Number of protein chains: 2
Amino acid sequence: MVSLETTPPLIVSYPVQALSSFLSVSTIIALTVFFALLCACVIIGHLLEENRWANESITALLLGLCAGAVVLLVTKGHSSRLLTFSEDLFFLYLLPPIIFNAGFQVKKKQFFKNFTIILLFGIVGTVISFCLISLGASVLFKRIGVTALDFQDYLAIGAILSATDSVCTLQVLSQDETPFLYSVVFGEGVVNDATSIVLFNAVQSMNFNEINASIAWKLLGTFLYLFFSSTALGIVVGLLSAYIIKTLYFGRHSTDREVALMMLMAYLSYMLAELLSLSGILTIFFCGIVMSHYTWHNVTESSRVTTKHAFATISFMAETFIFLYVGMDALDVDKWKSSNASAGTSVAVSSTLFAFVLIGRAAFVFPLANIVNCARKRDNDKIELRQQFTMWWAGLMRGAVTIALSYNQFAESDDTSTQDSALMITSTIIVVVFSTVVFGSITKPLIGALLLRHAKPLVSDATDIPSLEDLRLLFIEDNGEPGDQSGSQPAVRKRSSLSLLISHPTTTVHYFWRKFDDKFMRPVFGGRGFVPFVPGSPTGATDE
Amino acid sequence: MVSLETTPPLIVSYPVQALSSFLSVSTIIALTVFFALLCACVIIGHLLEENRWANESITALLLGLCAGAVVLLVTKGHSSRLLTFSEDLFFLYLLPPIIFNAGFQVKKKQFFKNFTIILLFGIVGTVISFCLISLGASVLFKRIGVTALDFQDYLAIGAILSATDSVCTLQVLSQDETPFLYSVVFGEGVVNDATSIVLFNAVQSMNFNEINASIAWKLLGTFLYLFFSSTALGIVVGLLSAYIIKTLYFGRHSTDREVALMMLMAYLSYMLAELLSLSGILTIFFCGIVMSHYTWHNVTESSRVTTKHAFATISFMAETFIFLYVGMDALDVDKWKSSNASAGTSVAVSSTLFAFVLIGRAAFVFPLANIVNCARKRDNDKIELRQQFTMWWAGLMRGAVTIALSYNQFAESDDTSTQDSALMITSTIIVVVFSTVVFGSITKPLIGALLLRHAKPLVSDATDIPSLEDLRLLFIEDNGEPGDQSGSQPAVRKRSSLSLLISHPTTTVHYFWRKFDDKFMRPVFGGRGFVPFVPGSPTGATDE
């Protein structure tokens, strides 16, 4: 059920006109206002581009709040909502294009170079944060006076508030100036989304009557299964699209068909994953990565330009849409009325939750970063404190996933706990709005001061590993021109692959992947070098 | 209420899996199957590109029928529908991008050159067809045994079956080889859609208890008001978008914002028109024309490529979606059961309707074309019989607008006439499927044989009016270089504007429009010549 449902009260307050008989008046009014606000967001966002404090998300959120207030006044306090928040709309139509575009535009080399750190932060970190928030809420909430929640609710709260939203930070970080930080923050964001949604689903489906030690192992097994099968599905669909377009199309007839097929197959991968009970987010993310590596190189040049910008535009509109939506939804009087809590309790619950968000994130960022530092021998490789602080800060904001999960858990719970459930929804909204507006507006000056003041490049962002050229010299092979190579580098002895894998793991894996890619994958699925002309990858930089 | 509603019976027939808890199983299954079918349509459509008989619409329709049959078998005759037909989905999300893209890609010069013929066919012709079909149905249906319909129903049938779908013919005609035919068929299609929807709305809202002569005048007044105000609204929104992008943007920051703003404002124009009880179709069509004339020239080059192809792709997907939908919907058992008519009655009603479609169209195409021929003095200007036949043929197919209007009229009528109402829906579906599949597949060879066999260009398509350069020489002006111009053309005397307007009306209007455009419009709203580099218009040809 996809529904942009409109709330009936609005019809009453407007004179019913003799409209086109196909559409209901309330739908038309709601959509008109909503699209006008979206236009306003785009224009204001552009005007504030140079501003130190504001960005698109904050603009959309504040504009949504204003619009909600106006609707509240017009309907005389009856309702602030033009559209009711629909999880289906969010999970079916808004989230997929955002995640797909993330995979499509990510700098693949940096992403895979930092893959272990990303997984460590995105999975282990999210689980730590989940445990801490659940535990903290269950201990402290009873003292505040929230008593109607059960064990499952507390676990759900942990999962709900572990879902970060790093859009604000990513708008500040530059892919070119701080590639390490960007790729870690970005990658952690995607993996974190998937982890917290998987955790949330697990919490909802678990039977808490038979708690025993094996549950943790089951959860781990489920998670690993989900992670690998979702990734595999995304890769398979992506490769299939590349194969189909390379074999059948070859830019013969219409450029529109290529673009349409890429869009449709990307979306199909998401729906297939949901159909197979996998994580659609991970699937469409990896589908995006594969499509940008293979499929994108098989299409005509106008299709390349079109897909690159069209996907980014759709993702941008979906993001703006979500923040506007959240802003308008925040002033929903029904929720505030049914929560029935005093302002004091509301503030207490929200600040408790927010404190645990801060602590829960600090509790894994700094320890995990130091563990990574211990494993790395060279000083150059270590993650500096400034970088650790940025990584901590980047994950403090909460966004649309938090809201959607919170509605899913608390909007339709049983009658006995209605008040406290409504209180949880309003508190989540307070956390999301506060963290986005206040923390989001501090982000730009803070990160700017922290990172850009220093003229010298951050160590981990400098080229601290041997380049691919150097590595290629290390693997001196019998590739037809031995005399030429050994002549230029006579002192280098052939070293075993194993020792290289140990000394430079990432680069070695990359080297073998490149060989495999060039020899087997690209001839079948296309890709750079196997099509006549390539004007730059979708990431806009030389990247491979 | 936007709803991709899924029919409950399907859930029963599939094992309910432990899916992601956010989406219902039936929604996921329906969407997965639907997007897989869309992908199949795109691929098969590409493979059949060279085929004489098939095209994308027919492929989608047949694939939809097959999928419907499979679902019917799987559910053991319970239901053939994955998704129920929703008028809202059609009028809110599928029709606007198709019409906008039509305006955005149309060759403006040809379109406005043939504007009077287009209006004559699109408005007067549609009204003639509407009257004939209504009259014929009301006379003949009673003899077949359809008795439960009232006067308003017959008028609605006339409006429903006057809405043509010229997609099949436009796929065959070439904008470059037969510009006259293409622009007339194309323009008539858009105006026809608007006219038949306006007629349908008028029929639904009219009070038939007080029929008198003034009703026809009222209807005419309403129509003219709708036509001009809808057009004006589209032009205003289009100019606004051009002004905003020219003044604020200038390709400064992000190319995505430009594309997003164009999409959002186009959609906003449609919603605004619906809000003001105007014709959204006309509004978004003219908004598309203005955007391609001004806005498109103000954006960065990648935005130009992106918008050109992205709009075409979205329109293409919406069209395929509609035909697939109609195909799947055709086998809906509930409708066939509730119509309760014998096969004989069904066939009789459908063939009667189809006969009136043929006659109703012939009754205005040939007379109107001959009237136009009488008004034109030169033999060169006259519309040949071959062209008249093509114009007649192009409007025989019926499509999604017909289905949507038919549902709107007959799906929720009162109980007493349920059987005959259901019969009307099934008959409409038969007419749509038959005309699209049978007539659609004959179109390519027929039009090919009719037009392309002749080596010499069709007269009306040849350059039969004086070119702009010639005209400019006729208006010798005091524009700073009088000596130079009078030197090269000393014999030409300055003629009055009025006599020129009479002798070459279209070209004269075009000339003055160009002067006005260059002097007042383009400096304010941008456009070709007022931006640094222009790589060709969205129509892909030099066109102004």
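Residues numbered from 1 in each chain as written. Chains lettered and ligands numbered in written order. Predicted model: local features only at pLDDT ≥ 70, side-chain atom pairs only at ≥ 80, totals over all residues. Heavy atoms only, no water.

S.K.: Explain the overall build of chain A to me, using residue names and the numbers behind them.
M.R.: Within chain A one finds 22 helices and zero strands. Per-residue burial for chain A yields a buried fraction of 58% across its 544 residues. Long-range pairs, those at least 24 residues apart, make up 82% of the contacts in chain A with a sequence separation of at least 6. Counting every atom, chain A has about 21,900 Å² of accessible surface; 66% of that belongs to carbon and sulfur. (Helix = DSSP H or I, 4+ residues; strand = E, 2+ residues; numbered from the N terminus. Buried < 20%, exposed > 50% of the residue type's maximum accessible area, 1.4 Å probe, protein only. Contact = heavy atoms within 4.5 Å. Areas by Shrake-Rupley, 256 points an atom, 1.4 Å probe, with all protein chains shown as cover.)

S.K.: Describe the environment of Asp334 of chain A, and please don't skip the residues or the numbers.
M.R.: Residue and element names in this part refer to chain A. On the secondary structure map, Asp334 appears in helix H14 (residues 333-339). For Asp334, a relative accessible area of 41% puts it in the partly exposed group. The sequence separation of Asp334 and Ala422 amounts to 88 residues, and the corresponding C-alpha distance is 9.4 Å.

S.K.: Which residues make up helix H12 (residues 280-298) of chain A, and what values go with them?
M.R.: Residue and element names in this part refer to chain A. Its 19 residues give H12 an end-to-end C-alpha distance of 25 Å, which sits within 8% of 27 Å, the value for a rise of 1.5 Å per residue. Largest kink in H12: about 50 degrees, centred on Met291. With respect to burial, H12 is a largely interior element, 19 of its 19 residues being buried. (Expected span 1.5 Å × (residues − 1). Bend = angle between axes of the 7 residues up to and from the residue.)

S.K.: Mind laying out the confidence of the model for chain A, listing which residues take part and the relevant values?
M.R.: Residues and elements named next belong to chain A. Averaged over all residues, the pLDDT of chain A equals 77, while 77% of them reach at least 70. When the elements of chain A are averaged for pLDDT, helix H1 (residues 9-13) gives the smallest value, 29, and helix H11 (residues 255-275) the largest, 92. Considering only residues more than four positions removed or in separate chains, one finds that residues 455-467, a stretch of pLDDT under 50, has 32 contacts. When the criterion is pLDDT under 50, residues 540-544 qualifies, and its contacts beyond four places in sequence or with other chains add up to 15 contacts. Interface confidence in the predicted complex, given as ipTM, is 0.80; pTM for the same model is 0.82. (pLDDT = per-residue confidence, 0-100.)

S.K.: Account for a nonpolar patch on the surface, naming residues and giving values.
M.R.: Together, Trp217, Leu220, Leu224 and Phe228 of chain A make up a nonpolar patch on the protein surface, roughly 480 Å² of accessible area in all. As for its position among the elements, Leu220 of chain A is in helix H10 (residues 214-249). (Patch = residues over 30% accessible without salt bridge, like charges linked within 9 Å, V, L, I, M, F, W, Y side chains within 5 Å. Salt bridge = Lys/Arg side-chain N within 4 Å of Asp/Glu carboxyl O.)

S.K.: Please give an account of the packing of aromatic side chains that cites residues and values.
M.R.: Applying the stated rule across the entire model yields 66 aromatic pairs over all chains. Relative to Phe104 of chain A, the ring of Phe100 of chain A has its centre 5.6 Å away and its plane inclined at 25 degrees; by these criteria the two rings are stacked. Of the two residues, Phe100 of chain A and Phe104 of chain A are both situated in helix H4 (residues 87-105); the distance of four residues between them amounts to about one turn of the helix. Of the residues examined, Phe104 of chain A reaches a relative accessible area of 0% and is grouped as buried. A ring pair is formed by Phe227 of chain B and Phe228 of chain B, whose centres lie 5.5 Å apart and whose planes are at 85 degrees; its orientation type is edge-to-face. Accessibility expressed as a relative area gives 56% for Phe228 of chain B, which makes it exposed. Members of the aromatic cluster, joined through ring pairs, are Phe111, Phe112, Phe115, Tyr182, Phe186, Phe285 and Phe286 of chain A. Taking the ring centre of Trp296 of chain A as reference, the NZ or CZ of Arg304 of chain A above it sits at 5.8 Å. (Phe/Tyr/Trp six-rings, centres within 6.5 Å; stacked < 30°, edge-to-face > 60°. Lys NZ or Arg CZ within 6 Å of the ring centre and 35° of its normal.)

S.K.: Just give me the short version of the nonpolar core, but keep the residues and values in it.
M.R.: Judged by nonpolar contacts, the single largest core of 284 residues is most densely connected at Phe141 and Ile157 of chain A together with Phe141 and Ile157 of chain B. Each residue touching Ile157 of chain B, except ones within four places of it in the same chain, is listed here: Ile133, Ala137, Phe141, Leu149, Leu353, Phe410 and Met424 of chain B. (Core = buried A, V, L, I, M, F, W, Y, C linked by side-chain atoms within 4.5 Å.)

S.K.: Can you tell me about helix H2 (residues 25-47) of chain B, naming the residues and giving the values?
M.R.: Relative to the 33 Å expected for 23 residues at 1.5 Å per residue, H2 of chain B spans 33 Å between its end C-alpha atoms, a close match to the ideal helical length. Of all 23 residues in H2 of chain B, 18 are buried, a share of seventy percent or more.

S.K.: How would you explain the packing of helix H9 (residues 179-205) of chain B against helix H12 (residues 280-298) of chain B if you had to name every residue and give the values?
M.R.: Residues and elements named next belong to chain B. Packing of H9 against H12 brings their axes to within 8 Å, and their N-to-C directions diverge by 150 degrees. Taken together, H9 and H12 sit at an angle that is classed as roughly antiparallel. Two secondary-structure elements touch here, H9 through Phe186, Val190, Asp193, Ala194 and Ile197 and H12 through Ile281, Leu282 and Phe285. Here the residues of the contact of H9 with H12 sort into seven nonpolar, no polar and one charged. (Axes fitted to C-alpha atoms, helices over the stretch in contact; angles between N-to-C directions. Parallel < 35°, antiparallel > 145°, perpendicular 65-115°, else oblique. Nonpolar A, V, L, I, M, F, W, Y, C, P; charged D, E, K, R; others polar.)

S.K.: Quick one: what's the story with the environment of Pro367 of chain B, residue by residue and with numbers?
M.R.: Residues and elements named next belong to chain B. Residue position: Pro367 is located in helix H15 (residues 343-375). By relative accessible area, Pro367 is classed as partly exposed at 38%. Taking C-alpha positions, Pro367 is 9.8 Å from Gln388, a pair spaced 21 residues apart along the chain.

S.K.: Quick one: what's the story with the side chain of Lys246 of chain B, residue by residue and with numbers?
M.R.: Its place among the elements puts Lys246 of chain B in helix H10 (residues 214-249). Comment: no salt bridge for buried Lys246 of chain B; closest opposite-charge side chain is Asp517 of chain B, at 12 Å. (Lys, Arg positive; Asp, Glu negative; His and termini not counted.)

S.K.: So, the packing of H15 of chain B against helix H16 (residues 385-394) of chain B: which residues are in play, and what are the values?
M.R.: All names here are of chain B. Closest axis-to-axis distance for the H15/H16 pair is 9 Å, and the angle between their directions is 145 degrees. The interaxial crossing formed by H15 with H16 has right-handed handedness. Along the contact surface, H15 presents Leu358, Arg361, Ala362, Val365, Phe366, Ala369, Asn370 and Asn373, while H16 presents Gln388, Phe389, Met391 and Trp392. (Left-handed = near helix turned anticlockwise from the far one by under 90°.)

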